[in-house]
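Residues per chain are reported as follows:
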Amino acid sequence: MMALRGALIGCGFFAINQMHGWRDIAGASIVAICDRDPERLRIVGDQFGVARRYTDAAALFAGEKLDFVDVATTVGSHRPLVELAAANRVPVICQKPFAPTLADAIAMVRACADAGVPLMVHENFRWQSPIQAVRAVLDSGEIGKPFFGRISFRSGYDVFSGQPYLATGKRFIIEDLGIHILDIARFLLGDVSSLTARTARINSSIAGEDVATILMDHESGATSVVDCSYATKLATEPFPETLVELDGSEGTIRLSLGYQLTVTGKSGTHVTDVSPQLLPWASRPWHNIQESVLAIQKHWVACLASGKEPATSGADNLKTFALVEAAYAGAASREPVRINDLLR
Ligand code: NAD
Ligand code: 89V
């Protein structure tokens, strides 16, 4: 079988991981890259041996015959680039956050649906192997029906040195990181009917909120707490681990620091090390995220081959994105927010 011909748009900080991932996948090959910054284009093109380079996305679509495009730019350019892919009938992956607003995200999903073009959001946190391990325990029925969850990401890690734009936006932790944690909550406990949120800014040198606490009602009847902080200084820095507590009718699951999975259920208590593998191109502490990049990209290739909708399709991601919008609205109003009111 011929490898799918892909192009990467946006050759910045995170795209390096995506390029490594593509190199590890036999069914796809990045044949062209695009960045409006010629220096980034040169660095990534030389590192990964890609000769066909463009500084303009429209020129990329005009110059290449593509099976898919992988958009790894920051959020401001996502809508025009996804719509450009749809106009050119090219299946598209778009990095998170999917769009600046829910209205933009809905328009992007519609553009791809109207063009008959597959669309996946690169929402990779649920693809982390420790999170997949938690989901597998839930699916096994070992803890019965879950009624409570806490999905927690608390860190003092300096994300701003690698991603300086994170310090300048009016929105920070919910839009950038909370979006992943909210998606994990949906992945584990199902869709959300309403939420209540509180935010704070502890680091006065950044523009947005760096702490968020969100209480959610799931349609299943379960309750969850999603809590995120980049202002939490701990004895052992946990970045980028997401910790999970789930209580079910028959037992509990705890994913704790150091990727320790403790399950107490119908068959007793079992403790397993679910550490992610350290891929040859990965480096600690990012290896957990890096492994999930490879997993989600493999999933995309499998979905294109089978015609199946990706788990984190654009349509699916609207339900995660609505939680982001709801959390900001709820933190501002200090009132509960109903999710279906936003998606109508
Ligand atoms: P970055 O600023 O380092 O890189 C973005 C690149 O896109 C830059 O080189 C820029 O020149 C280029 N670019 C911007 N607009 C363009 C356009 N219209 N056409 C061509 N090139 C364009 O940003 P980053 O830190 O790599 O983040 C990129 C995206 O990845 C963000 O949306 C971020 O939230 C996301 N991200 C995701 C994860 C994850 O785990 N999923 C982790 C980090 C970052
Ligand atoms: O995944 C992300 O979007 C990153 C980080 C994990 C650092 O928050 O920005």
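For the structure given in this document, a descriptive report is provided here. (Residues numbered from 1 in each chain as written. Chains lettered and ligands numbered in written order. Predicted model: local features only at pLDDT ≥ 70, side-chain atom pairs only at ≥ 80, totals over all residues. Heavy atoms only, no water.)

1. Some details on the site of ligand 2
- Taken together, K96, F125, V159, Q163, D176, L177, H180, Y230, F239, W286 and I289 form the complete shell of residues around ligand 2.
- At 2.8 Å from an oxygen atom of ligand 2 is found a side-chain nitrogen or oxygen belonging to D176.
- About the coverage of ligand 2: the protein hides 94% of its 260 Å² of free accessible area.
- For the shell around ligand 2, the class distribution of residues is seven nonpolar, two polar and two charged. (Near = heavy atom within 4 Å. Polar contact = N/O pair within 3.5 Å; in protein donor to acceptor, adjacent residues only side chain to side chain. Areas by Shrake-Rupley, 256 points an atom, 1.4 Å probe, with all protein chains shown as cover. Nonpolar A, V, L, I, M, F, W, Y, C, P; charged D, E, K, R; others polar.)

2. Observations regarding the site of ligand 1
- In the region of ligand 1, 25 residues are neighbours, and F14, D35, K96, N124 and Y165 sit closest.
- Contact between ligand 1 and F13: an oxygen atom at 2.9 Å from a main-chain N or O atom of the residue.
- For ligand 1, the accessible surface in isolation is 860 Å², of which the surrounding protein chains cover 87%.

3. Considering helix α9 (residues 314-333)
- Between the first and last C-alpha of α9 there are 28 Å, a value that for 20 residues agrees with the 28 Å anticipated at 1.5 Å per step.
- Positive phi shows up at R334, right after α9, with a value of about 60°. (Helix = DSSP H or I, 4+ residues; strand = E, 2+ residues; numbered from the N terminus. Expected span 1.5 Å × (residues − 1).)

4. Looking at the nonpolar core
- One finds F98 and L188 to be the most contacted residues of the largest nonpolar core, which totals 90 residues.
- Leave out the neighbours within four places in its chain, and F98 touches V75, H78, A105, M108, V109, L119, V121, G314, N317, L318 and F321.
- Counting 27 residues, the second largest nonpolar core, distinct from the first, contains L4, F48, W281 and I296. (Core = buried A, V, L, I, M, F, W, Y, C linked by side-chain atoms within 4.5 Å. Buried < 20%, exposed > 50% of the residue type's maximum accessible area, 1.4 Å probe, protein only. Contact = heavy atoms within 4.5 Å.)

5. Structural notes on the sheet that holds strand β14 (residues 268-273)
- With mixed pairing, the nine strands of this open sheet are ordered in space as β14-β13-β12-β11-β7-β10-β9-β8-β15. Two strands close off the open sheet at either side, each with one partner strand: β14 and β15 (337-338).
- Of the pairings in the sheet, the one linking strand β7 (residues 146-154) to strand β11 (residues 243-248) comprises six bridges and is antiparallel in character. Looking at β11, one finds that F148 is bridged to D247.
- Strands β7, β11, β12 (251-256) and β13 (260-265) of the sheet are contacted by helix α6 (residues 129-140), whose axis makes an angle of about 175° with β12.
- In this fold α9 packs onto β8 (192-200), β9 (211-218) and β15, with an angle of close to 55° to the strand it touches most, β8. (Pairing = 2+ DSSP bridges. Axes fitted to C-alpha atoms, helices over the stretch in contact; angles between N-to-C directions.)

6. Examining the pattern of salt bridges
- Applying the stated criterion across every chain, the model contains 21 salt bridges.
- R150 is the salt-bridge partner of E245, the closest N and O atoms lying 3.7 Å from each other. In this pair, E245 sits in strand β11 while R150 sits in strand β7, placing the two residues 95 residues apart along the sequence.
- Taking the shortest distance from any N to any O, the salt bridge between R186 and D191 comes out at 2.7 Å.
- Overlapping salt bridges, with partners in common, bring together R126, D183, R186, D191, D316 and K319 in one network. (Salt bridge = Lys/Arg side-chain N within 4 Å of Asp/Glu carboxyl O.)

7. Structural notes on the environment of G12
- Inspection of the secondary structure assignment puts G12 in the loop between β1 (4-9) and α1 (15-23).
- Taking the C-alpha atoms as reference points, G12 and V324, 312 residues apart in sequence, are found 24 Å from one another.
- Other than its neighbours up to four places away in sequence, G12 contacts D35 and R40.

8. A word on the environment of H270
- Relative to the elements of secondary structure, H270 occurs in strand β14.
- The sequence separation of H270 and F153 amounts to 117 residues, and the corresponding C-alpha distance is 24 Å.
- If we skip the residues at most four places from it in the chain, H270 touches L261, T262 and V263.
- Side-chain polar atoms of H270 contact the backbone oxygen of S267, separated by 3.1 Å.

9. Focus on the state of the cysteines
- Scanning all chains against the criterion turns up zero disulfides.
- Free cysteine: C303, not disulfide-bonded; nearest cysteine sulfur from C112 at 15 Å.
- Judged by relative accessible area, C303 falls into the buried class, the value being 6%. (Disulfide = S-S within 2.5 Å.)

10. Details of the pairing of strand β2 (residues 28-34)
- Most of β2 sits out of view: six of its seven residues are buried.
- Taking the sense of rotation as the criterion, the β-α-β connection linking β1, α1 and β2 turns out right-handed.
- Remark: the β2/helix α2 (residues 38-48)/strand β3 (residues 52-54) crossover connection has right-handed handedness. (Right-handed = clockwise from strand over helix to strand, strands pointing away.)

11. Remarks on the packing of α1 against α2
- Contact geometry for α1 and α2: axes closest at 11 Å, N-to-C directions at 25°. Relative to α2, α1 is oriented roughly parallel. The element α1 and its partner α2 pack so that their crossing is right-handed. Residue-level inspection shows I16, M19, H20 and R23 of α1 in contact with α2, the latter providing R40, V44, Q47 and F48.
- Of the residues assigned to the contact of α1 with α2, the class counts are four nonpolar, two polar and two charged. (Parallel < 35°, antiparallel > 145°, perpendicular 65-115°, else oblique. Left-handed = near helix turned anticlockwise from the far one by under 90°.)

12. Comments concerning unusual backbone geometry
- Cis geometry is adopted by the peptide bond preceding P97, which originates at K96 and carries an omega value of -20°.
- Structurally, P97 can be placed in the loop between β5 (92-95) and α5 (102-115).
- Across the junction of R284 and P285, the peptide omega takes the value 5°, indicating a cis bond.
- Summarising the element assignment, P285 is placed in the loop between β14 and α8 (287-306).
- Located in the positive-phi region is R89, a residue other than glycine, with phi close to 55°.
- Note on placement: R89 falls in the loop between α4 (78-87) and β5.
- A positive phi is found at Y259, a non-glycine position, where the angle reads about 60°.

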